[in-house]
Amino acid sequence: MDEESMDTGGFQRFAREHPDVKPEDIDRDVWLDVHRGMSLSEAYLSNENRKLLSERETARKNAENREKAAESARSSGKTAARDPFDEGWDED
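Here is what the cut-offs are and how they apply
- Residues numbered from 1 in each chain as written.
- Predicted model: local features only at pLDDT ≥ 70, side-chain atom pairs only at ≥ 80, totals over all residues.
- Heavy atoms only, no water.
- Helix = DSSP H or I, 4+ residues; strand = E, 2+ residues; numbered from the N terminus.
- Buried < 20%, exposed > 50% of the residue type's maximum accessible area, 1.4 Å probe, protein only.
- Contact = heavy atoms within 4.5 Å.
- Areas by Shrake-Rupley, 256 points an atom, 1.4 Å probe, with all protein chains shown as cover.
- Salt bridge = Lys/Arg side-chain N within 4 Å of Asp/Glu carboxyl O.
- Core = buried A, V, L, I, M, F, W, Y, C linked by side-chain atoms within 4.5 Å.
- Arc of directions from axis to C-beta.

**Q** So what's going on with the overall build of the chain? Residues and values would help.
**A** The helix and strand inventory of the chain stands at five helices and zero strands. Along the chain direction, N to C, the helices and strands of the chain fall in the order α-α-α-α-α. Of all 92 residues assigned to the chain, the portion counted as buried reaches 17%. A separation threshold of at least 6 residues defines the contact pool for the chain, and within that pool the share at least 24 residues apart is 47%. Summed over its atoms, the accessible surface of the chain is roughly 7,500 Å², and 51% of this surface lies on carbon and sulfur atoms.

**Q** Explain the pattern of salt bridges to me, using residue names and the numbers behind them.
**A** Taken as a whole and judged by the stated rule, the model has eight salt bridges. In this structure, E17 engages R13 in a salt bridge whose closest nitrogen and oxygen atoms are separated by 2.8 Å. With a gap of four residues between them, E17 and R13 both fall in helix 2 (residues 8-17), about one helical turn apart. According to the relative accessible area criterion, E17 is partly exposed, its value standing at 36%. When the shortest N-O distance is used, the salt bridge between R36 and D33 registers 2.9 Å.

**Q** Tell me what's going on with the nonpolar core, and back it up with residues and numbers.
**A** In this structure, F14, V21, I26, V30, V34, L40, A43 and Y44 together form the largest nonpolar core, which totals eight residues. Those elements that place two or more of their residues in this core are helix 3 (28-35) and helix 4 (40-76). Counting residues per element, this core draws most heavily on helix 4, which supplies three residues. Apart from residues lying up to four places away in sequence, Y44 is in contact with F14, H18, V21 and V30.

**Q** Outline helix 3, listing residues and values.
**A** Residues that lie three or four places apart on an α-helix share one face, since the helix turns once every 3.6 residues. Within helix 3, the full set of buried residues consists of V30, D33 and V34. One side of helix 3 holds all its buried residues, which, seen down the axis, span an arc of 105 degrees. The exposed residues of helix 3 that point more than 90 degrees off its buried face are R28 and H35. Positive backbone phi, approximately 125 degrees, marks G37, located one or two places after helix 3.

What follows is the structure, encoded as structure tokens:
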């Protein structure tokens, strides 16, 4: 571990940078990264970045699925070309 993550200065820095975050609200993965040597600030930001990337990917996939569903709905509403044989039945 680096000195910043070991001493209270690292925690004080984090508290200054993120005053609204309570220690009990910090994900377990953040604490694992701190244990592996990252500062708390670095670990927290890295974890937040991973979450945002995951949310962005989910939103992209959802938009893609909505577009596919819309295309399917549009194409299913088209009327098929009438067969000439069937048209003969409608003649008077």
